[in-house]
Amino acid sequence: MSNKLNLIQAVTQALDNELELDKSVVVYGEDVGVEGGVFRATVGLREKYGETRVFDSPLAESAIVGSAIGMAINGLKPVVELQFMGFSYPAFNQIISHVARMRNRSRGRFSLPMVIRAPYGGGIRALEHHSESTEAMYAHIPGLKVVIPSTPYDAKGLLTAAIRDPDPVLFLEPKRIYRAFKQDVPIEDYELPIGKAKLVQEGEDVTIVTWGAMVRDVQKAVEIVSEKDVHPEVLDLRTISPMDRDAIVDSVKKTGRIIVVHEAPKSFGVGAEIVALVNEKAFLYLEAPPTRVTGFDTIFPLARGEHHYIPTPERIASSILDVVKF
């Protein structure tokens, strides 16, 4: 059986299922309990499972993540919510110094089965620190998995897998598409493999690698260029770290061209890593220079300027045509 859910509802259902199936799962964070989270991802869970398993925390990100470390070491599976990705920086010391290192530090004696959830990205006309896309910074940390769903189906399957993973996962939720569309999602629990990209659309002219909210914009760009008889292949990474490198390389060997689309700033981003991978593993197959369509190397603008920052379908389509014509 399935039901029609948007992305935020799929997150709620994944949390609900895991809380019911596994008594060691606890969910907490900023306004998670009484209010159901800033985007209402945990509505009804406190009432259903009680305040010892779904509860509010102080507005102190370092304490939220730090306490989750202790819980995870001692047998619980904490799923913590930080209201926005831009609020994760006070917890950065805990994440880089302890969360990502515990298995290595203890020579495998301890693992941390914990998930850090955070709405991320722009597009909702939010305040400063509410629209960051700094996934590259966290993907650079060995020992930490970084997962970004783009659909309700993927959100439920990937979050379920993240909660069941024996190691820590940063689960970034693109809030711009929380309620953008609905999709058939199985009612029962299921997992999607972490580290496996999804082929969104087959094509032969150029490979487009993207993730999160940008997947929908890429699909719109593909519709634009299809009128000019250009047929891109679209890969949704789904997981930034570990990255499905084989899927990227195999697709580029097929199409001979690659464009990486992401909302984050251009320099030192995930796109640069993907371009380096292609240069190392598929250079002799390239028929055009690898291209990035990204945000800009600036602080994310406030509401009236964000439409200039986030790549649009038109900007993506223009790059597709340039690469194909090269």
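Residues numbered from 1 in each chain as written. Predicted model: local features only at pLDDT ≥ 70, side-chain atom pairs only at ≥ 80, totals over all residues. Heavy atoms only, no water.

(A) Quick look at the packing of helix α9 (residues 245–255) against helix α10 (residues 270–281). It is at 10 Å that the axes of α9 and α10 come closest, and there the two elements cross at 60°. The angle between the axes of α9 and α10 places the two elements in the oblique class. Between α9 and α10 lies a crossing of right-handed hand. Here Arg-245, Ile-248, Val-249, Val-252 and Lys-253 of α9 come into contact with α10, specifically with Glu-273, Ile-274, Leu-277, Val-278 and Lys-281. (Axes fitted to C-alpha atoms, helices over the stretch in contact; angles between N-to-C directions. Helix = DSSP H or I, 4+ residues; strand = E, 2+ residues; numbered from the N terminus. Parallel < 35°, antiparallel > 145°, perpendicular 65-115°, else oblique. Left-handed = near helix turned anticlockwise from the far one by under 90°. Contact = heavy atoms within 4.5 Å.)

(B) The arrangement of the layout of surface pockets in detail. Estimates place the volume of the largest pocket at around 360 Å³. Surrounding the largest pocket, 23 residues form its lining, Glu-132, Ser-133, Thr-134, Pro-265 and Thr-298 being those nearest its centre. Broken down by element, the residue count for the lining of the largest pocket peaks at three residues, all from helix α6 (residues 135–139). Residue composition of the lining of the largest pocket, by class: twelve nonpolar, seven polar and four charged. Taken as a whole, the second largest pocket encloses approximately 230 Å³ of empty space. Lining the second largest pocket we find Ala-136, Ala-139, His-140, Ile-240, Ser-241, Pro-242, Met-243, Arg-245, Phe-268, Gly-269, Val-270 and Glu-273. At the level of secondary structure, the elements contributing two or more residues to the lining of the second largest pocket comprise α6, β12 (239–241) and α10. Residues that form the lining of the second largest pocket fall into these classes: seven nonpolar, three polar and two charged. (1 Å grid on protein atoms, 1.4 Å probe; cavity = no way out; pocket = protein on both sides within 12 Å on 5 of 7 lines; lining within 4 Å. Points joined across faces, edges and corners; volume = space filled by probe spheres on them. Nonpolar A, V, L, I, M, F, W, Y, C, P; charged D, E, K, R; others polar.)

(C) Geometry of the packing of helix α3 (residues 61–73) against helix α4 (residues 92–99). Where α3 contacts α4, the two axes come as close as 8 Å, and the packing angle between them is 25°. It follows from the interaxial angle that α3 and α4 lie roughly parallel. When α3 is examined against α4, the residues Ser-62, Val-65, Gly-66 and Ile-69 are found in contact with a partner set consisting of Gln-94, Ile-95, His-98 and Val-99. Here the residues of the contact of α3 with α4 are counted per class, giving four nonpolar, four polar and no charged.

(D) Quick look at the nonpolar core. With 46 residues, the main nonpolar core has Met-114, Trp-211, Leu-237, Ile-248 and Ile-274 as its most contacted residues. Those elements that place two or more of their residues in this core are β2 (25–29), α3, α4, β5 (115–120), β7 (169–174), α9, β13 (258–262) and α10. It is α3 that contributes the most residues to this core, five residues altogether. Those residues in contact with Met-114 that lie beyond four places of it in its chain are Val-65, Ala-68, Ile-69, Ala-72, Pro-78, Val-99, Asp-167, Pro-168 and Val-169. (Core = buried A, V, L, I, M, F, W, Y, C linked by side-chain atoms within 4.5 Å. Buried < 20%, exposed > 50% of the residue type's maximum accessible area, 1.4 Å probe, protein only.)

(E) Looking closely at empty space enclosed by the protein. In this structure the tally under the stated criterion is one cavity of 30 Å³ or more. There is about 70 Å³ of room inside the largest cavity. Taken together, 14 residues make up the lining of the largest cavity; nearest its centre are Tyr-120, Trp-211, Ala-213, Met-214 and Glu-263. Taken together, the residues of the lining of the largest cavity sort by class into six nonpolar, five polar and three charged.

(F) Inspection of the environment of Arg-315 at higher detail. Structurally, the position occupied by Arg-315 is in helix α12 (residues 313–325). Residue Arg-315 is classed as partly exposed on the basis of its relative accessible area of 27%. Expressed as a C-alpha distance, the spacing of Arg-315 and Thr-294, which sit 21 residues apart in the sequence, is 9.7 Å. With residues near it in sequence (within four places) discarded, Arg-315 still touches Val-293, Thr-294, Phe-296, Tyr-309 and Ile-310.

(G) Expanded view of the environment of Ile-8. Relative to the assigned elements, Ile-8 resides in helix α1 (residues 7–21). Spatially, the C-alpha atoms of Ile-8 and Ala-180 are 9.8 Å apart, while their sequence positions differ by 172 residues. If we ignore the near neighbours within four places in the chain, the residues touching Ile-8 are Phe-39, Arg-40, Ala-41, Tyr-178 and Arg-179.

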